[in-house]
Amino acid sequence: MLDLFAVTTKGGIVLWKTSDSAACQKCLQVLFYEAFLSERRNVENSFHQGRFTIQFQESIQNSIVFVVAFQDAKAEAFTQTLLNSMHNVFINLFQEQLQKKKLPTESDILNNFVPLYNAKLAQLSKVSEKEKNNVQETTLLEKPKAPSREKSRNKAHASRQAPPTSKKGKKELRKWDDQLTSEEQEALNYSGKTPDVAPTSSQLSNVIGDTNFQKTKKGDVVIGDLEADPNQNPSATSSTAFSFFSGLIGGKYLKEDDLDPVLKKVQEHLIQKNVANSISLELCKSVKKSLIGKKVGSFESVKQTVNAAFRETLTQILTPSTSLDLLHSIRAVQKNEDRPYTISLIGVNGVGKSTTLAKLAYWLLSNNFRILVAACDTFRSGAIEQLGVHVRNLQSLKGSSIELFAQGYGKDSSFVVKNAVEYAKKNNFDVILIDTAGRRHNDQRLMGSLEKFTKATKLDKIFQVAEALVGTDSLAQAKHFQASLYHRPLDGFIISKVDTVGKLVGVMVGMVYSVRVPIVFVGVGQMYSDLRTLSVDWVVDQLMK
Amino acid sequence: MLENWWTILVALATIPLATFIVFSLFFASKKTIQKKTPAIFFVGPTESGKTTLFCQLVYEKTKSTVPSIEPNEALWKDDIVLVDLPGHARTKHWTEKKLNESYDIRLVVFVLNSATMDRDLHQIGLSLFDVLLKCRKHKISKVLVACNKFDLFTAQPAKQIQTAVLKELDNIFEEKEAQLDAIVTEDVDWDQLRPQLQDIPLEFLSGSALKGTNLDQWIQWMESSL
């Protein structure tokens, strides 16, 4: 039923796998690319490649990943339990070696791990055959009992009866009956909380107040630099010379109730930095997932670990996977295809498209390209004159290798752009910079005409300009503009007016995270030279300060 | 009187001694002042064979691999640590982290895929440029360019790769001069930087980590430069 089960390290070495076929190898690659190396940090556990479904589980402390891949939908019922139990078995078997950072050898794995795996797989496959028969009976029994159940967490999908095994190092199968004995509830409870406390205890502790933080000893949430909290001052001094006494006892493993208050603070902090609410929630979720069970070093506090994890996540999100090298692409097109390179700027009204276009023109002129500015904003009064002013300024600054192409107001912009491309080809221009009309992203008619515009001619680069001042609307802008260009992805964002927001640069994170498009330039003023490339470290610093 | 005086002296002496021991333990554990371990770093674009090469050298076996997300580290020949850094763009932060740790980096092995040179030349050039910048920053003076996957049909020989890569590096130098400043400008004087980067010697050698061909050539070069 299972096509592949594999144990790999995060460093890239496959410790053991059940199948050597090329399709399975491809599944592994796809999993690693999608789950760990893609733009968006995924919080799901299952991926698809062709007809295969791939699920995985990470052991965060030991940097090991367990992968299953299957085509048969029947296998889905027990893959999660298989992953869980094999995870525990593996860790228990090879605990010493993993702690010493040595990999278990192949013979070790073959002799100790594989027979357990085979036995478990056989057991689960047999059990899943049986449960299909049991399911009908037990669902009838369960329905009247459901209202009396207080613990809504225990969703019984199907009941499984399996004899508890007493093999060493092997995890006992859960017994999901109509009634759970209290000891089974204890066994099911993987969090630090007792099952009697309602799941909202973390929320309660936040409502009760910060007094909780001071009482606990090692897991003290010291949040000094995120906000000036007067309660934190006494504990802040403890992180000096004498804290190493407590540090000598050893590092601790992070649990949910340690992380929750800190994550909540960081989430609020991010929202204050103008990151959209939904984005900061998702970020917190993914950071929490990556930190649960992780070992904190003896000198680090929970706050420091969480901050470091956030920094890493934000850096990962903002770092583009392919670097945009505009000059190189322009030269490549010049050399190989002998046609002008087209760059188009789109965006809502008033974000700074024409100004950014002028800045880009100034930069490209410094690289000795011949630029044609195509005024495809045929709607707004004064748009063509504005571009004319810029072109005149640049001509006086840099010589006459820049020209304006305009065909008046009221025309169809796709018509204008086609003529502009022809004119540029005839007169040997290297780059065409196309200015479009600003449009509300939720206006269907205008977005439709934008779609038509982008299909009219081959556009090498389409950049969306967004201002750093915008709030949560940035996400909707990004999504709608991206959706209207469904036949090709947006090539990048240009975030303008960054000098006006100071530290509140959260817009960048939201836009990149929601549509997986990188930020290529940043505008920092109204002069021609106020254009910068993105420095991810600077943005992350501004966000985390 | 004498004994009292002596005991008082001893008592007074132990207090500063104890605090001295305590604080030295504290600083020692905080900073872990240890001798820098000699290391060789494997870098290069993604899917070039770094992890395979690492396994060949450390475990002397051909292991099947997946794209690395984290670095691999192991002791080789009992005195050198090999560090295999992941090559994907999204894992760049690991390179910075590892470089800042206390390793005495003797040499850097830049692994590239000889069979996809046509498609990846520009990426390889950019990646090598980054590596050279870091070598200059951390004062590493030797770089071996291991032209891996020589067993594949479309693999190019080392000499050809050398000319192509050096030419691409020159192009990149030209382009970088014309680039915009990043929003945080580093204090880099480009005119001085370029000759320094061009001075770092690059040795191009072909081989295949998977099949083990020419592996001893690489090992020889690695050992000779230690």
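Computed from a predicted structure; not experimentally measured.

Novice: Quick question: what am I supposed to make of the overall build of chain B here?
Specialist: Each helix and strand counted, chain B has seven helices and six strands in total. Secondary structure elements of chain B occur, N-terminal to C-terminal, as α-β-α-β-β-α-β-α-β-α-α-β-α. When each of the 226 residues of chain B is scored for burial, the buried share is 47%. Sequence-distant contacts, at least 24 apart, represent 74% of the contacts inside chain B between residues at least 6 apart. Working note: accessible area of chain B is about 12,300 Å², and carbon and sulfur atoms make up 56% of it.

Novice: Looking at this structure, how should I read the overall build of chain A?
Specialist: Counting its regular elements, chain A contains 20 helices and 15 strands. Counting across all 545 residues of chain A, residues that qualify as buried make up 49%. Within chain A, contacts between residues at least 6 apart in sequence are counted, and of these 71% link residues at least 24 apart. Just so you have it, chain A exposes about 26,000 Å², and 51% of that area is on carbon and sulfur atoms.

Novice: Is there a simple way to explain the pairing of strand β4 (residues 52–59) of chain A in this structure?
Specialist: It is a general feature of regular strands that their side chains alternate between the two faces of the sheet. All names here are of chain A. Most of β4 sits out of view: eight of its eight residues are buried. Side chains Phe52, Ile54, Phe56 and Glu58 of β4 all project onto a buried face; the interleaved residues Thr53, Gln55, Gln57 and Ser59 project onto the opposite face, where all are buried too. As paired elements, strand β3 (residues 46–49) and β4 share four bridges and run antiparallel to each other. Looking across to β4, one finds that phenylalanine 47 is bridged to isoleucine 54. With antiparallel pairing between neighbouring strands as the criterion, β3 and β4 make up a hairpin whose turn holds two residues, including glycine 50 at a positive phi of roughly 65°.

Novice: I'm lost on the packing of helix α11 (residues 277–291) of chain A against helix α19 (residues 506–515) of chain A in this one. Help?
Specialist: When two helices pack together, you describe them by how their axes are tilted relative to each other and by the distance separating the axes. All names here are of chain A. The contact between α11 and α19 brings their axes to 10 Å, and the two run at 75°. Comparing the axis directions of α11 and α19 gives the class roughly perpendicular. Between α11 and α19, the residues in contact are Ile279, Glu282 and Leu283 and Val509, Gly510 and Tyr513, respectively.

Novice: When you look at the confidence of the model for chain B in this model, what are you seeing that I'm missing?
Specialist: The predicted structure's coordinates, where accompanied by low pLDDT, should not be read in detail. The predicted model of chain B has a mean per-residue pLDDT of 78, with 87% of residues at 70 or higher. For this predicted complex, the interface confidence comes out at an ipTM of 0.73, alongside a pTM of 0.60.

Novice: I'm lost on the pattern of salt bridges in this one. Help?
Specialist: Pairs can form between side chains of opposite charge whenever their charged atoms are close. Summed over the entire model, instances satisfying the criterion amount to 16 salt bridges over all chains. Residue lysine 97 of chain B is joined to glutamate 312 of chain A by a salt bridge in which the shortest nitrogen-to-oxygen separation is 3.6 Å. Of this pair, lysine 97 of chain B sits in helix α3 (residues 92–100) while glutamate 312 of chain A is found in helix α12 (residues 302–318), placing the two residues in two different chains. Taking the relative accessible area as the measure of exposure, lysine 97 of chain B reaches 36% and is therefore partly exposed. Residue class for glutamate 312 of chain A comes out partly exposed when judged on its relative accessible area of 33%. When salt bridges that share partners are traced, they join Glu337, Arg339 and Asp460 of chain A into one network.

Novice: I'm lost on a nonpolar patch on the surface in this one. Help?
Specialist: Among the surface-exposed residues, Trp5, Trp6, Leu9 and Val10 of chain B lie close enough to one another that they form a single nonpolar patch of about 440 Å² accessible area. Tracing the sequence through the fold places valine 10 of chain B in helix α1 (residues 2–31).

Novice: So what exactly am I meant to see when it comes to the sheet that holds β3 of chain A here?
Specialist: To summarise the sheet geometry, strands pair through backbone hydrogen bonds and adopt either a parallel or an antiparallel arrangement. Residues and elements named next belong to chain A. Sheet architecture is open: five strands sit in the order β2-β1-β5-β4-β3, paired in antiparallel fashion. Both edges of this open sheet fall to β2 (14–17) and β3, since each of them pairs with a single strand only. Here the average twist between neighbouring strands, direction ignored, is 20°. For strand β1 (residues 4–9) and β2, the ladder comprises three bridges, and the chain directions are antiparallel. Bridge pairing links threonine 8 to valine 14 in β2. Across the sheet, helix α2 (residues 76–93) lies against β1, β2, β4 and β5 (64–70), angled at about 30° from β4, the strand it touches most.

Novice: Help me understand the UniProt feature "domain: SRP54-type proteins GTP-binding" (unreviewed entry) in chain A in this model?
Specialist: Taking the UniProt record as the reference, the feature "domain: SRP54-type proteins GTP-binding" (unreviewed entry) is found at residues 518–531 of chain A. Taken as a whole, residues 518–531 of chain A contains 0% helix and 43% strand, while its terminal C-alpha atoms sit 16 Å from one another.

Novice: Which parts of the structure should I look at to understand α3 of chain B?
Specialist: Each α-helix turn comprises 3.6 residues. Residues three or four places apart therefore point the same way. All names here are of chain B. Looking at α3, one finds that the buried residues are Trp94, Thr95, Lys98 and Leu99. For α3, the arc enclosing every buried residue in end-on projection is 130°, short of the 170-degree limit, so these residues lie on one face. Buried residues belonging to α3 abut β1 (37–43), β2 (72–76), β3 (80–84), β4 (103–113) and α4 (117–137).

Novice: Whenever I open this one, the packing of aromatic side chains confuses me. Can you help?
Specialist: Given two aromatic rings, one states the distance between the centres and the angle between the planes to describe the pair. Going through the model one piece at a time under the given rule, you end up with nine aromatic pairs over all chains. For the pair phenylalanine 5 of chain A and tyrosine 117 of chain A, a centre-to-centre distance of 4.7 Å together with 35° between the ring planes defines the contact as tilted. Here tyrosine 117 of chain A lies in helix α4 (residues 106–145) and phenylalanine 5 of chain A lies in strand β1, a separation of 112 residues in the sequence. Like phenylalanine 5 of chain A, the residue tyrosine 117 of chain A is buried in the burial classification. Taken together, a centroid distance of 6.3 Å and an interplanar angle of 25° make the contact between tyrosine 423 of chain A and phenylalanine 429 of chain A stacked. Residue class for phenylalanine 429 of chain A comes out buried when judged on its relative accessible area of 4%. Put simply, the rings of Phe5, Trp16 and Tyr117 of chain A pair up and form one aromatic cluster. Here the basic side chain of arginine 370 of chain A rests over the ring of phenylalanine 429 of chain A, its NZ or CZ set 4.5 Å away from the ring centre. Here lysine 63 of chain B stacks its cationic end above the ring of tyrosine 59 of chain B, 5.4 Å away from the centre of that ring.

Novice: Help me understand unusual backbone geometry, please; the structure alone is not making it clear to me.
Specialist: Trans is the prevailing form of peptide bonds, just as negative phi is the prevailing case for residues other than glycine. Residues and elements named next belong to chain A. Even without a glycine there, the phi angle at asparagine 274 is positive, about 75°. Given the relative accessible area of 21%, asparagine 274 is considered partly exposed. Phi at lysine 497 is positive, roughly 65°, even though this residue is not glycine. Given the relative accessible area of 26%, lysine 497 is considered partly exposed.

Cut-offs and rules
- Residues numbered from 1 in each chain as written.
- Chains lettered and ligands numbered in written order.
- Predicted model: local features only at pLDDT ≥ 70, side-chain atom pairs only at ≥ 80, totals over all residues.
- Heavy atoms only, no water.
- Helix = DSSP H or I, 4+ residues; strand = E, 2+ residues; numbered from the N terminus.
- Buried < 20%, exposed > 50% of the residue type's maximum accessible area, 1.4 Å probe, protein only.
- Contact = heavy atoms within 4.5 Å.
- Areas by Shrake-Rupley, 256 points an atom, 1.4 Å probe, with all protein chains shown as cover.
- Pairing = 2+ DSSP bridges.
- Axes fitted to C-alpha atoms, helices over the stretch in contact; angles between N-to-C directions.
- Parallel < 35°, antiparallel > 145°, perpendicular 65-115°, else oblique.
- pLDDT = per-residue confidence, 0-100.
- Salt bridge = Lys/Arg side-chain N within 4 Å of Asp/Glu carboxyl O.
- Patch = residues over 30% accessible without salt bridge, like charges linked within 9 Å, V, L, I, M, F, W, Y side chains within 5 Å.
- UniProt positions renumbered as here; feature names shortened; annotations may be inferred.
- Arc of directions from axis to C-beta.
- Phe/Tyr/Trp six-rings, centres within 6.5 Å; stacked < 30°, edge-to-face > 60°.
- Lys NZ or Arg CZ within 6 Å of the ring centre and 35° of its normal.

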